[in-house]
Structures are given as structure tokens and as C-alpha cells.
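Tertiary structure, described
What follows is each chain in one-letter form.
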Protein chains: 2
Amino acid sequence: MNEETIGGFLDGLASSAPVPGGGGAAALSAALGAALVAMVCNLTIGQEKYRAHEDTMARVLVAATEQRALALALAAEDGAAYGAVRAAYGLPRATDEEKRARAARIQEALKVAADVPLRTVAVAARIVDLCAEVLPGGNPNVVSDVGVGALSARAALDGAALNVRINLALIKDEDYKTRTAAELERRLAAARAQAGEVTRQVEERIGR
Amino acid sequence: MNEETIGGFLDGLASSAPVPGGGGAAALSAALGAALVAMVCNLTIGQEKYRAHEDTMARVLVAATEQRALALALAAEDGAAYGAVRAAYGLPRATDEEKRARAARIQEALKVAADVPLRTVAVAARIVDLCAEVLPGGNPNVVSDVGVGALSARAALDGAALNVRINLALIKDEDYKTRTAAELERRLAAARAQAGEVTRQVEERIGR
């Protein structure tokens, strides 16, 4: 993912090829958010007037760099998980035994395909946290970048949630569905509220 | 921009280098949205069961491809415009004449730096339109991708708007400020409402 060109990724996304798709695009949005948080840290660290926030910025910089790597890894995993779902749908179904085996493999693959964007939701939520952490002490000249970071993370959060739900809709294990949907809603509610609050504070500081 | 690697762009974004910044990230989000619209068209065109929507999809595909190119061009322009603002701030200010010349140059550069993200807002709004156009007749298997496309365009819209506002806040030409702020609000209100409506319909179809 790191080595791919932006044009190549966008061409692949735009094409009729099965991957990358929306799950990969959502994970890339999370990576954009994490990179913007890191930028704010890097433009704050080492400046005398922000000395009091140096430790926070150094800690958030490490965390944002980790979350960016996780997001890019999830973009790749999303493609693999979707490939496994397609492969399972492609299994033979001539006999009853084949039908049962195929159905079981599809269900397993769908759970993986729901788990990957659920982890993207968690990464995006963590990036929203990091935006909230840099906002008070970050270099005010780049306050709009904190805002764009939160908006990118928010798009990642909601986009990954759509990908969790579209897979959940096809899963028959009611226990898994209930548990995963509950975890999704819990993560979404908190992170959406925090992203909204960060954006509101950024707009207030810009003086809209 | 097309030739740059994803890792290289993210490293540049995360670094303390002046560009790319949030304006470039917002424009890239718009490009992600446009690519997802194109993907939905490409996965709908040529399939007998979606024959009735073939013309719409072909037309939207052309438009989405154009908007993607515009978005990437705006990402590059955003960097150049920000560079010009920094260069203007760096002009000498030893004499009164130098001070006047520098102030004038800064004001000119800030107007360009506000105009570029205002054009990104327009491109993102157009991509939201395209999401709304593909939703009714697009391949329902990729309805979540229409949703991620609208969310990416929405992040681009709001992120670019923050970049218009942070530049407007420094501009002294009250006429320009009033006119630009009014145009921004007009574009934002319509596009935000439409993006929200697309996302709501996608969630309804997924059956959240």
C-alpha cells in the first residue's frame, strides 16, 4: 500500500476490479487523518512557546504514526477479506455436501470481512481521540489541519461502519450479529460525538 | 500527484514540511469519492439487468473521471498557493514601502489560497451529486461504496471549507470576504444536505 502510487490506487478503486473498494478507501481516510495529527505534532514540537505541550505532542506523534501503519495494513486486509468472500461464493455447489461446505465457508469469510472494517472503526476512533489530544496545545497556525484530520477520521469511521453492516446483513449467526452490531454502535456513538466536538472547536477557533 | 506513492504523500503530510497540508488531504478525499462513484458505474455498465440505467452510468462515469482529475489538480494547486502565502510573508519589511508591498502581496496570495479550497468545495459538491445520481440505478452489491464515496466527498467538502475560512480570516478586503463567505455557505448547505440524504438512503438499503 505504501509503495503504490496515488494514481494507481485511484485507478484500481475506480475500476471494476473487486479490490480495492470502499473498505480500503475508508482505511486510507483514516491514514490521512493520522498523518495530519502527526503533522500538527511535528509543527509544535521544538518550539519554545509550546514547550508545555512537548510531552503530549511527542506521545501523540508516536501513537499517530502507529495508527497510520495500522490503517494501511487494514486497507490491505480488507482486500484480502473481500477476496476470500468472493472465493467462497465461487466454490462448487453440485451436491448437498458441497452446498453445505460452501455455505459454511461463505459464513466464515463474511465474519472476517466484518471484523476487518470493525477494526478500522476502532483505529478511526483512536485517531479522533488523538485529534482531541492535540487540539488544546497544538500550534494554532495549523488548527484547520486538526479539523481536516478529524473529518478524515470521521469519514473513515462511518465508511468502515457501512462495510461492517453490509457484511453483517448476510451473516446468519445471530449471536455474532448481535454482539458485533452492539460493539459497532458503542464505538460509533462515542467517536462521532468526539469528532463533532473537535470540528466545532476548530470552527470556533478559526472564527467562522 | 498521480505519480507519488501513497507512503510518500502520507510521509510528506505527516512531516513539518509546509506542504502538503489539510487542503491537499481534503482534495485527495474528493478524489477517493470520485473514484468510488466511477467504480459503481463500472460495476453496473454492461450488465443486462441494469440496462435501463446504462446511459446514466456512462454519463456519470465520464463526469466522475473529470472530477477526480480536477480534485488531484486542486491538491497540487493548494500546495502552490500555500507556498505563495509563505513567500509573501517572507518578503523584506525594512522600509515603509517594503511593508506596503509585502502587505499587498500577502493579501493577494491569501485570496488565491482561499479560492483554491473554494474550488475544492465545488468539486466535492459535484461528487456528492454524482453519488446521488448513481444510487437509484447502481449495482446494489456496491451500495456501501456509494455511501463511502459520499462520506469521502463530505469530508472533502468540510475540510476544504475550513481551509477557505482560515484564509478568509486574514483577508482585509471586506467585499471579497463577504462575497466568498456567502458563496461558501450556499454551496455547503446544499451539498451537506444531499450527502446526508445519500448516506441515509444507503443505510436504509443496507438495512441497518
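Let me sum up the structure you'll find in this document. (Residues numbered from 1 in each chain as written. Chains lettered and ligands numbered in written order. Predicted model: local features only at pLDDT ≥ 70, side-chain atom pairs only at ≥ 80, totals over all residues. Heavy atoms only, no water.)

1. Overview of the overall build of chain A
Scanning chain A from N- to C-terminus turns up six helices and zero strands. Along chain A, helices (α) and strands (β) appear in the sequence α-α-α-α-α-α when read from the amino end. Taking the principal axes of the C-alpha coordinates as reference, chain A spans close to 75 × 35 × 30 Å. Here chain A holds 208 residues, and the buried ones make up 53% of them. Excluding contacts between residues fewer than 6 apart, the proportion of contacts in chain A whose partners are at least 24 apart in sequence is 76%. (Helix = DSSP H or I, 4+ residues; strand = E, 2+ residues; numbered from the N terminus. Buried < 20%, exposed > 50% of the residue type's maximum accessible area, 1.4 Å probe, protein only. Contact = heavy atoms within 4.5 Å.)

2. Focus: unusual backbone geometry
In this structure, Pro20(A) follows Val19(A) across a cis peptide bond, with omega equal to 0°. Its place among the elements puts Pro20(A) in the loop between helix H1 (6–14) and helix H2 (22–42).

3. Description of empty space enclosed by the protein
One pass over the structure, following the stated rule, counts one cavity of 30 Å³ or more. Volume-wise, the largest cavity comes out at about 60 Å³. Contributing elements (two or more residues each) for the lining of the largest cavity: H1 and H2 of chain A together with helix H1 (6–14) and helix H2 (22–42) of chain B. Partitioned by chemical class, the residues of the lining of the largest cavity number 10 nonpolar, no polar and no charged. (1 Å grid on protein atoms, 1.4 Å probe; cavity = no way out; pocket = protein on both sides within 12 Å on 5 of 7 lines; lining within 4 Å. Points joined across faces, edges and corners; volume = space filled by probe spheres on them. Nonpolar A, V, L, I, M, F, W, Y, C, P; charged D, E, K, R; others polar.)

4. Considering the environment of Ala38(B)
Counting through the fold element by element, Ala38(B) comes out in helix H2. Judged by its relative accessible area of 3%, Ala38(B) falls in the buried class. Expressed as a C-alpha distance, the spacing of Ala38(B) and Lys111(B), which sit 73 residues apart in the sequence, is 33 Å. Once you skip the residues sitting within four places of it in the chain, Ala38(B) turns out to touch Ala14(A), Leu61(B) and Ala64(B).

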